[in-house]
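Overview (structure and organization)
Given next are the chains, with one letter for each unit.
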Amino acid sequence: MGTTGGVGAGLLLTGCGESVASPRTVALTDRIGPGGPEVEAAEQARRATAGRTLARTLQAQPSTVDIGGRTVSTWTYNGALPGPEIRARVGDTLKVRLENQLPQPTTVHWHGIALRNDMDGVPVLTQPQIPSGGSFEYLFTLPHAGTYMFHPHVGTQLDRGLYAPLIIDDPAEPGDYDLEHVVIFDDWIDGTGQNPDQVLAGLLRNGMGGMAGMGGDHGGMQMPTSSVLGGDAGDTTYPHYVANGRTRSAPTTLDVRPGQRVRFRMINMGGDTAFRVGVPGAPMTVTHTDGFPVAPTDAEAVVIGMGERIDAVVTIPEAPAALIGIAEGKNDHAAVTLSTPQNSPVDTSAAASALTSRSAVLSQTFASAEPVTLQRRPPDVVHDLVLAGPGALYDWTINGERYDPARGLPISSGQRVRLRMVNTTTMFHPMHLHGHTFQVVGPDGRGPRKDTVLVLPNQTVEVDFDADNPGQWLTHCHNIYHGEAGMMTVVSYVA
């Protein structure tokens, strides 16, 4: 990643309604660091509600896994794909020891959690990398219920098998369903003749002259496209797409019965792929996005970008069925089949074809549930994030610059902050903010609460959040190759 970048100017709003340019960069001495007293005070406030302390151990290790008729070498947590689910309750404190048995340094990022800054897992910015053979103990309180996940934040490690769900329950939630299943969709290349580091090297070497993927440069191969995504659907070709670690040729089967109301917690852990998800013939009622409730909304299919999560309730049909994840624009799919007493086989290709013909919506189109809607107030500061790329050398930038952890967008505790994400490229970008949940600014002010949002080509998405979690927080494109090529910056609390 480049280390010579800067940031674009934002706008500071005055009480008279006028605006002045904010500083382009923030001196390190002005920052509230990840180990500062403000960070500790925010964590102690989160621990005001008594909860349990849950101790877990993760071993990041080279592994051999069966993804469904094919055995591949990859890296995993505790030898499993996906890794071990961590389930806790709101107010619990999580204590996780990470033992690094990989040949590279690593970290763990707790995606979507409003946790203390020094536990966020971003190298240089919030913690040193954990060296090969080393260990680190993550300790933080869980303030919000919802569907979350964890993964590394070093290089392209996210595009291997290093991921798992983190589910936080709220005992007060009504739970209008019979049972639940977590389903993680992913695009897969590791161990098939190329690894993600080689994919990135190919993209950096070849630029957009051809897609990187199985076998390297694909020359004049046509780029994948999607009308739902507004244009290009990805930079990388993948030989496999998996759901809960299995390809469509040998899918996982979930134990359900006809008539049951099943809550599916769906996670997109892909590196370069958006998934169109749904159960053909059984409309979903979407209840949550990125962990936070929305006004219940029926949908036949929802497109979820990398890093996004959707919770939806489905009534299981009598006929054989499957939960499908179409690799949007890439002419392939992943699936989990839904068992019934008849135990009839499911043609997932036919199901995927049926889902392709259904209308699909983006998760930012839902309305937040009233209890989690931010109180209306004008922003105190507005920062533009102009997304550009790829450039001749596969440069993806924010405000004209590649990522530099020494620079950031300045904010202060207590402010209402607005980020204006302006996409000048021909590709969608799932933009993720660490340490906070924002509200998408919709026409009626009730867009969903999220931490990751799709910004389509030549469109602008505005999001608001309250600056209530001091520290230094990464915001970036969750396409792993765009991020590693520079499309990241820092939301920087200043004293």
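Small disclaimer: the values here were computed from a predicted structure and weren't measured.

A count of helical and extended segments in the protein gives four helices and 36 strands. Taken over C-alpha atoms, the radius of gyration comes to 21 Å for the protein, in line with the 23 Å a tight globule of 495 residues would show. When its C-alpha atoms are laid out on the principal axes, the protein stretches across 65 × 55 × 50 Å. A buried classification covers 60% of the 495 residues belonging to the protein. Counting contacts in the protein only where the partners sit at least 6 residues apart, residues at least 24 apart contribute 76% of the total.

Time to look at the pairing of strand S30 (residues 429–433). Counting buried positions along S30 gives five out of five residues, so the element sits mostly inside the fold. The side-chain alternation of S30 yields two buried faces, one formed by His-429, Met-431 and Leu-433 and the other by Pro-430 and His-432. Looking at chain direction, S30 and strand S33 (residues 452–455) are connected through four bridges and run antiparallel. By the bridge assignment, Pro-430 is partnered in S33 with Leu-454. Where S30 lies against strand S35 (residues 472–477), three bridges are found, and the strand directions are antiparallel.

Here the focus is the sheet that holds strand S9 (residues 146–151). Ordered by their spatial adjacency, four strands build an open sheet running S5-S10-S9-S7, and the pairing between neighbours is mixed. What marks the edges here is a single partner per strand, and that holds for strand S5 (86–89) and strand S7 (109–111). Strand-to-strand twist of the sheet, defined as the mean angle between neighbouring strand axes without regard to direction, takes the value 25°. With three bridges joining them, S7 and S9 adopt antiparallel strand pairing. Among the inter-strand pairings, Trp-110 is bridged to a residue of S9, identified as Phe-150.

Along helix H1 (residues 37–46), the positions that sit buried rather than exposed are Val-39, Ala-42, Glu-43 and Arg-46. Down the axis of H1, the buried set is contained in an arc of 100°. They therefore lie on one face. Of the exposed residues in H1, those oriented more than 90 degrees away from the buried face are Pro-37 and Ala-45.

Here we take up helix H2 (residues 196–206). For H2, the set of buried residues is Pro-196, Val-199, Leu-200, Gly-202 and Leu-203. What you see down the axis of H2 is that its buried residues fit within an arc of 160°, all on one side. Of the surrounding elements, those touching the buried residues of H2 are helix H4 (480–484). Downstream of H2 by a residue or two, Gly-207 has a phi angle that is positive, lying close to 60°.

Attention now moves to the packing of aromatic side chains. Summed over all chains, the structure comprises nine aromatic pairs. With a centroid separation of 6.2 Å and 80° between ring planes, the pair formed by Tyr-241 and Phe-275 is classed as edge-to-face. A residue pair is termed long-range when its members are at least 10 positions apart, and Tyr-241 in strand S14 (residues 240–243) and Phe-275 in strand S18 (residues 275–278) qualify at 34 residues. Exposure class is identical for Tyr-241 and Phe-275. Each is buried. Connected via pairs of aromatic rings, a cluster forms that spans Tyr-77, Trp-110, Phe-136, Tyr-138, Phe-140 and Phe-150.

Right, let's talk about the side chain of Thr-452 for a bit. Topologically, Thr-452 is positioned in strand S33. A distance of 3.4 Å separates the side chain of Thr-452 from the side chain of His-111, its partner in a polar contact. Filtering out sequence-adjacent residues up to four positions away, Thr-452 remains in contact with His-111, Asp-290, Met-306, Gly-307, Glu-308, Arg-309, Pro-430, Met-431, His-432 and Phe-438.

Time to look at the nonpolar core. One broad rule of soluble globular proteins: the nonpolar side chains tend to lie buried together. In terms of nonpolar packing, the biggest core is built from 109 residues, with Trp-110, Leu-166, Phe-264 and Met-266 touching the most fellow members. Listed in part, the ten residues of the second largest apolar core include Leu-229, Ala-274, Met-427 and Phe-428.

Right, let's talk about the side chain of Asp-464 for a bit. Of note, Asp-464 is situated in strand S34 (residues 460–466). Of the polar contacts made by the side chain of Asp-464, one reaches the side chain of Arg-418; its length is 2.7 Å. With residues near it in sequence (within four places) discarded, Asp-464 still touches Leu-374, Arg-416, Val-417, Arg-418, Phe-438, Gln-439 and Val-441.

Relative to the elements of secondary structure, Arg-376 occurs in the loop between strand S25 (360–362) and strand S26 (381–388). Classification of Arg-376 as exposed rests on a relative accessible area of 65%. In the structure, Arg-376 is positioned 88 residues away from Asp-464 in sequence and 10.0 Å away in space, judged by C-alpha atoms. The residues touching Arg-376, leaving out its near neighbours within four places in the chain, are Asp-444 and Gly-445.

Following Leu-81, the chain continues into Pro-82 via a peptide bond in cis, with omega recorded as -10°. One non-glycine residue, Asn-244, adopts positive backbone phi at about 50°. Within the secondary structure, Asn-244 sits in the loop between S14 and strand S15 (246–247). Of note, Tyr-394 is a non-glycine position whose phi angle comes to about 55°, a positive value. Counting through the fold element by element, Tyr-394 comes out in the loop between S26 and strand S27 (397–398).

Thresholds applied
- Residues numbered from 1 in each chain as written.
- Predicted model: local features only at pLDDT ≥ 70, side-chain atom pairs only at ≥ 80, totals over all residues.
- Heavy atoms only, no water.
- Helix = DSSP H or I, 4+ residues; strand = E, 2+ residues; numbered from the N terminus.
- Rg over C-alpha atoms; globule rule 2.2 N^0.38 Å.
- Buried < 20%, exposed > 50% of the residue type's maximum accessible area, 1.4 Å probe, protein only.
- Contact = heavy atoms within 4.5 Å.
- Pairing = 2+ DSSP bridges.
- Axes fitted to C-alpha atoms, helices over the stretch in contact; angles between N-to-C directions.
- Arc of directions from axis to C-beta.
- Phe/Tyr/Trp six-rings, centres within 6.5 Å; stacked < 30°, edge-to-face > 60°.
- Polar contact = N/O pair within 3.5 Å; in protein donor to acceptor, adjacent residues only side chain to side chain.
- Core = buried A, V, L, I, M, F, W, Y, C linked by side-chain atoms within 4.5 Å.

Worth remembering: the numbers are spatial, not functional.
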